[in-house]
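Chain by chain, the residues:
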Amino acid sequence: MPRSVNHVASRARRKKILKLTKGYWGARKNVWTIAKNTLEKGLTYAYRDRKDKKRSFRGLWIQRINAGVREHGMSYSEFMGKLHQKNIQLNRKALADLAMNHPEAFKAVVDSVK
């Protein structure tokens, strides 16, 4: 009796990986072993960088708030300290948005803190 091999499933498995590596450079897109390794590595980077993105955005918000606050003669740390003292519940994301897109509203927040 001949050996039974499920070619349909194994081909589908390979096609699934190769479809995900579409757009990669060179052999990374069409050579099975290289494509598989590249995709696995890429997925681990994606997982790691989803966490890293949160850190990066927090840093960006802090820079934007610092730049906005310095226009009004304060430092970032001084501003955040007084903000917490006055118990103003605005997070860094909201403050950064105000500093960039609504400077008059941000000025009102800075004045209320001073």
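Residues numbered from 1 in each chain as written. Predicted model: local features only at pLDDT ≥ 70, side-chain atom pairs only at ≥ 80, totals over all residues. Heavy atoms only, no water.

A. Representation of the side chain of Thr38 within the structure. Take Thr38: it is sitting in helix 2 (residues 32–70). Among all residues touching Thr38, those that are not within four sequence positions of it are Tyr24 and Arg28. (Helix = DSSP H or I, 4+ residues; strand = E, 2+ residues; numbered from the N terminus. Contact = heavy atoms within 4.5 Å.)

B. Quick look at the packing of helix 4 (residues 92–101) against helix 5 (residues 103–113). The geometry of helix 4 relative to helix 5 is characterised by a closest axis approach of 6 Å and an angle of 125 degrees between their N-to-C directions. Taken together, the axes of helix 4 and helix 5 lie oblique to each other. Between helix 4 and helix 5, the contacting residues are Leu95, Leu98, Ala99, Met100 and Asn101 on the first element and Pro103, Ala105, Phe106 and Val109 on the second. (Axes fitted to C-alpha atoms, helices over the stretch in contact; angles between N-to-C directions. Parallel < 35°, antiparallel > 145°, perpendicular 65-115°, else oblique.)

C. Representation of helix 5. Among the residues of helix 5, Phe106, Val109, Val110 and Val113 are the ones counted as buried. Buried positions in helix 5, seen along its axis, are confined to an arc of 100 degrees and lie on one side of it. Those residues of helix 5 that are buried lie in contact with helix 2, helix 3 (76–85) and helix 4. (Buried < 20%, exposed > 50% of the residue type's maximum accessible area, 1.4 Å probe, protein only. Arc of directions from axis to C-beta.)

These values are about where atoms sit, not about what they do.
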